[in-house]
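# Fold and geometry: a report
One letter stands for each residue in the lines below.
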Amino acid sequence: MKYADLVAAYERLDATTKRTELRDVLAELVRSSTIGELPAVLFLSQGQLRPEYEGVELGVADSLARRAVAEATGVEAPEVLVAQQRSGDLGLTVEELKLRNARSASTPALSVAEVYEKLRAVADARGAGSQEVKVQALVELLARSEPVEAKYLVRFVLGQLRLGVREMTILDALAVAFGDGTKESRRRIEDAFNVSSDLGLVAQTISKGGLDALASIHLEVGRPIRPMLAERSPDLADVLKRMEGAAALEMKYDGLRVQAHIATDGSVRLFSRRLEEIGDQFPELRPALAAAVQHRPAIVEGECVAVDSDTDEIRPFQEISRRRGRKYDLERMQSEIPVSIFLFDVLLDGTTETATLPFPDRRRSLERLIVPGERVRLADQQLVHSVEEAQAYFDRCIAAGGEGVMAKSLAPESAYRAGARGFWWIKYKREYTHGLADSVDGVVVGAFYGKGRRAGRYGALLMAVYDPDQDQFETFCKVGSGFDDATLQALPARLTPFELDSEDPKVRTSLTADRWMRPGLVLEIRGAELTLSPTHPAALGKLRVGFGLALRFPRFTGRFRDDKGPTDATTAQELVRLYQSQVKQASPEEPSA
Ligand code: AMP
């Protein structure tokens with residue numbers, strides 16, 4: 001495929017935010033790609049080179065891209081900078097410069113394969129002299145490209161492609177291109193993605209062998225599985241009813257979810273909930289896990305929490321969050337904040353793919369697989385058959401430093417559902433026992449300047465939930481409470497990468513923020529109650545025509561959910577369920593703003 005053909009599709013993607021239109025353009029692209037080209041076409045359109053979990057980064061800073069543009073267009077770097085500042089987009093700048101200095105194009109057209117290979121070379125260049133290698137590769141690409149191609153190349157290398165192409169839309173497109181149009185075929189494609197987290201692999205497999213070939217995609221050590229997610233429930237009686245009278249209750253540890261892959265040779269890779277590789281942040285867990293498993297290879301899942309080494313008490317989330325993302329001072333942090341992982345699931349046990357087994361069988365397999373120690377332990381668990389038993393266990397978990405309980409279904413259908421949220425796992429937290437059932441993980445989509453003591457800083461943030469059906473972010477509150485001085489001080493730096501000049505096309509709100517933000521940063525918000533609202537469009541019309549949902553007296557809990565991306569935030573549908581569980585307990589109320 002010519003790169004020009006891909007860029008022509010980009011122009012069409014750029015012109016719409018409708019998921020069905022995005023899907024159809026992508027389906028056409030997929031149909032006209034060869035099997036070999038498919039991964040490149042799909043990854044490039046998402047603004048990446050490889051599946052996210054591989055963490056492949058281009059390492060191209062703004063200044064480096066500007067140098068490449070200057071060299072490729074023959075315009076002095078300071079002049080490029082002025083033009084970039086004027087347009088606010090180096091992509092537009094390079095397009096303009098190339099149009100202005102049009103030379104007769106005698107070079108052959110770029111192909112997608114060439115562009116992809118060169119960009120891989122840019123990403124692979126490391127160490128001394130790598131900056132020069134990166135610049136030269138980019139110059140070569142830019143010099144050979146048409147103006148519009150150069151625009152998208154520059155946006156890509158700066159991480160500013162933003163065509164709105166999400167994984168779920170690509171799965172829709174694959175279903176249109178290769179499926180039989182049924183929900184079932186869409187589900188099979190998504191299942192294959194959930195166990196492999198690799199869209200390139202899924203696309204190539206289906207394109208080569210059709211839907212049936214997807215069955216050949218299995219769990220593999222080193223390739224993370226998309227995590228199974230839990231539903232919530234307003235009380236323990238409801239939990240037991242949904243689980244048909246009996247469930248395994250586990251302590252809900254308040255830490256970081258970790259998926260550990262232990263290879264046959266004993267090497268260990270750790271993945272976060274977002275499937276980023278985080279092994280380097282917790283080096284002490286690697287040898288501990290390799291020693292704890294009795295069969296290799298193995299894939300296990302657990303929650304990593306800080307544990308007091310004197311008292312063995314579980315420490316609050318804030319402590320482990322100090323180790324998250326840390327690159328330096330690792331040794332000091334290991335002794336200051338020791339961590340343990342509490343394992344709660346096993347997906348691969350030696351050569352047996354346990355993910356397909358019902359939960360009780362997986363737990364038994366986990367107990368056989370693991371020899372627990374100080375760093376690697378099993379999640380505490382109890383089988384319960386009555387609300388009284390469940391309540392007593394819940395109280396014990398809270399006293400022991402847990403956030404609540406996770407109830408797990410014992411049914412024969414309780415296999416590990418990668419990437420799915422369902423009632424096979426139900427979380428029940430302490431907050432549910434007073435006020436609004438649960439906290440909401442909201443996405444920052446805008447900010448308002450502060451007044452009084454907060455003058456010159458941000459005073460409040462505009463928060464949204466995610467609607468996966470529409471692929472849009474709908475606001476539900478403006479939050480200004482719960483920020484201590486240090487957080488307020490640090491907020492601008494946290495928000496800078498997301499700042500936009502105008503409202504993001506995927507945001508729905510009736511408010512006008514002082515500063516718009518690209519949906520990216522997720523914060524945990526608590527509030528008094530959810531009310532029907534004519535102002536906020538979260539879940540608009542789902543409960544009453546013309547009304548959305550708003551959170552009253554919202555408050556930031558102090559918890560940045562860096563482990564969640566914007567589409568992992570609380571969904572509009574979840575907000576509806578939270579509202580419903582709340583009105584079940586109180587009398588219906590009148591709409592308010
Ligand atoms: P939440 O992040 O509030 O949606 O709750 C779900 C999260 O609870 C999971 O993603 C895990 O990180 C965490 N968790 C803590 N303890 C357990 C457990 N015993 N079983 C499953 N998940 C747990």
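Residues numbered from 1 in each chain as written. Predicted model: local features only at pLDDT ≥ 70, side-chain atom pairs only at ≥ 80, totals over all residues. Heavy atoms only, no water.

This next bit is on the overall build of the protein. Along its length, the protein carries 20 helices and 21 strands. Taking 25 Å as the expected radius of gyration for a compact globule of 593 residues, we find that the protein reaches 25 Å, a close match to that expectation. When its C-alpha atoms are laid out on the principal axes, the protein stretches across 80 × 60 × 55 Å. Put simply, of all contacts in the protein between residues at least 6 apart along the chain, 72% involve residues at least 24 apart. Total accessible area on the protein is roughly 25400 Å²; 50% of this is exposed by carbon and sulfur atoms. The averaged location of the 88 negative side-chain charges in the protein is 2 Å from the averaged location of its 79 positive side-chain charges. (Helix = DSSP H or I, 4+ residues; strand = E, 2+ residues; numbered from the N terminus. Rg over C-alpha atoms; globule rule 2.2 N^0.38 Å. Contact = heavy atoms within 4.5 Å. Areas by Shrake-Rupley, 256 points an atom, 1.4 Å probe, with all protein chains shown as cover. Lys, Arg positive; Asp, Glu negative; His and termini not counted. Charge placed at Lys NZ, Arg CZ, Asp CG, Glu CD.)

We describe a pair of aromatic rings using the distance from one ring centre to the other and the angle between the two ring planes. Counted under the stated rule, the structure contains 10 aromatic pairs. Ring geometry for Tyr 10 and Tyr 152: centres 5.3 Å apart, planes at 65 degrees, overall edge-to-face. Here Tyr 152 lies in helix H9 (residues 147-157) and Tyr 10 lies in helix H1 (residues 3-14), a separation of 142 residues in the sequence. There is no split in this pair, since Tyr 10 and Tyr 152 are both buried. Ring geometry for Tyr 449 and Tyr 458: centres 5.8 Å apart, planes at 5 degrees, overall stacked. Using a relative accessible area of 45% as the deciding quantity, one classes Tyr 449 as partly exposed. For Tyr 458, a relative accessible area of 7% gives the class buried. (Phe/Tyr/Trp six-rings, centres within 6.5 Å; stacked < 30°, edge-to-face > 60°. Buried < 20%, exposed > 50% of the residue type's maximum accessible area, 1.4 Å probe, protein only.)

Looking now at the environment of Ile 189. Relative to the helices and strands, Ile 189 resides in helix H11 (residues 183-196). On the basis of relative accessible area, Ile 189 is assigned to the buried category, the value being 0%. Spatially, the C-alpha atoms of Ile 189 and Pro 412 are 23 Å apart, while their sequence positions differ by 223 residues. Leave out the neighbours within four places in its chain, and Ile 189 touches Leu 171, Leu 174, Ala 175, Val 202, Ile 206, Leu 211 and Leu 214.

Surrounding the ligand, one finds 13 residues, the nearest of these being Glu 250, Arg 257, Glu 303, Lys 408 and Lys 427. A distance of 3.0 Å separates a nitrogen atom of the ligand from a polar backbone atom of Tyr 253. Glu 303 is positioned such that a nitrogen or oxygen atom in its side chain is 2.5 Å from an oxygen atom of the ligand. Burial of the ligand by the protein chains amounts to 94% of its free accessible area of 490 Å². A majority-of-atoms criterion places the ligand in the largest cavity. (Near = heavy atom within 4 Å. Polar contact = N/O pair within 3.5 Å; in protein donor to acceptor, adjacent residues only side chain to side chain. 1 Å grid on protein atoms, 1.4 Å probe; cavity = no way out; pocket = protein on both sides within 12 Å on 5 of 7 lines; lining within 4 Å. Sits in = over half its atoms within 2 Å of the grid points.)

A separate point is the layout of surface pockets. In this structure, the second largest pocket encloses a volume near 590 Å³. Considering the residues around the second largest pocket, the lining is formed by 24 residues, among which Arg 187, Asp 191, Ala 192, Val 195 and Tyr 416 are closest to the centre. Of all the elements in the fold, those that place two or more residues in the lining of the second largest pocket are H11 and helix H12 (199-213). Examining the composition of the lining of the second largest pocket, we find that 7 residues originate from one element, H11, more than from any other. Class assignment for the residues of the lining of the second largest pocket results in 13 nonpolar, 4 polar and 7 charged. (Points joined across faces, edges and corners; volume = space filled by probe spheres on them. Nonpolar A, V, L, I, M, F, W, Y, C, P; charged D, E, K, R; others polar.)

Moving on to the side chain of Gln 259. Mapped onto the secondary structure, Gln 259 falls in strand E3 (residues 256-262). A polar contact of 2.9 Å, which involves the side chain of Gln 259, links it to the side chain of His 261. Excluding residues within four positions of it along the chain, Gln 259 makes contact with Pro 224, Ile 225, Arg 269, Leu 270, Phe 271, Ile 299, Val 300 and Glu 301.

Turning our eyes to something else, we now look at the environment of Val 41. Secondary-structure assignment places Val 41 in helix H3 (residues 38-45). Of the residues examined, Val 41 reaches a relative accessible area of 0% and is grouped as buried. Taking the C-alpha atoms as reference, Val 41 lies 9.5 Å from Leu 26; in sequence the two are 15 residues apart. For Val 41, the contacting residues outside a window of four places in its chain are Met 1, Leu 6, Leu 29, Ser 33 and Val 112.

Across the sheet, 5 strands lie side by side as E1-E11-E10-E2-E9; this open sheet has mixed pairing. Each edge of the open sheet carries a strand with a single partner, namely strand E1 (229-232) and strand E9 (381-384). Going across the sheet, the axis of each strand differs from the next one's by a mean of 40 degrees, ignoring polarity. With 5 bridges joining them, strand E10 (residues 404-408) and strand E11 (residues 421-429) adopt antiparallel strand pairing. The partner of Met 406 across the bridge, within E11, is Lys 427. Strands strand E2 (247-252), E9, E10 and E11 of the sheet are contacted by helix H17 (residues 359-369), whose axis makes an angle of about 55 degrees with E2. (Pairing = 2+ DSSP bridges. Axes fitted to C-alpha atoms, helices over the stretch in contact; angles between N-to-C directions.)

Split by domain assignment, the protein resolves into domain 1 (229-387) and domain 2 (440-581). Here domain 1 and domain 2 have C-alpha centroids that lie 30 Å from each other. Taken together, the contacts link 9 residues of domain 1 with 12 residues of domain 2. The interface formed by domain 1 and domain 2 includes 4 salt bridges. (Domains from an automatic or database assignment. Salt bridge = Lys/Arg side-chain N within 4 Å of Asp/Glu carboxyl O.)

A word on unusual backbone geometry. Note the cis peptide between Arg 296 and Pro 297, where omega equals -5 degrees. Of note, Pro 297 is situated in the loop between helix H14 (285-292) and strand E5 (298-306). Although it is not a glycine, Arg 162 sits at a positive phi angle of roughly 45 degrees. Mapped onto the elements of the fold, Arg 162 is located in the loop between H9 and helix H10 (167-178). Given the relative accessible area of 43%, Arg 162 is considered partly exposed. The phi dihedral of Asp 329 is positive, around 60 degrees, even though this residue is not glycine. Along the chain, the position of Asp 329 falls in the loop between helix H15 (317-321) and helix H16 (330-336). A relative accessible area of 41% means that Asp 329 is categorised as partly exposed.

Now for the pairing of strand E20 (residues 548-552). Summarising burial for E20: 4 of the 5 residues are buried, a large majority. Sheet topology note: the strand E19 (residues 529-533)/E20 ladder contains 5 bridges and is antiparallel. Paired with Ser 533 across the bridge in E20 is Gly 548.

With that settled, the discussion passes to the pattern of salt bridges. Any two side chains of opposite charge can pair, on the condition that their charged atoms come close. Applying the stated rule across the entire model yields 55 salt bridges. A salt bridge links Asp 501 to Arg 515; the shortest N-O distance between them is 3.9 Å. You can see Asp 501 sitting in the loop between strand E15 (499-500) and strand E16 (507-508) and its partner Arg 515 sitting in strand E17 (residues 515-517), a full 14 residues away along the chain. Sharing partners across several salt bridges, the network here consists of Arg 19, Asp 172, Arg 186 and Glu 190.

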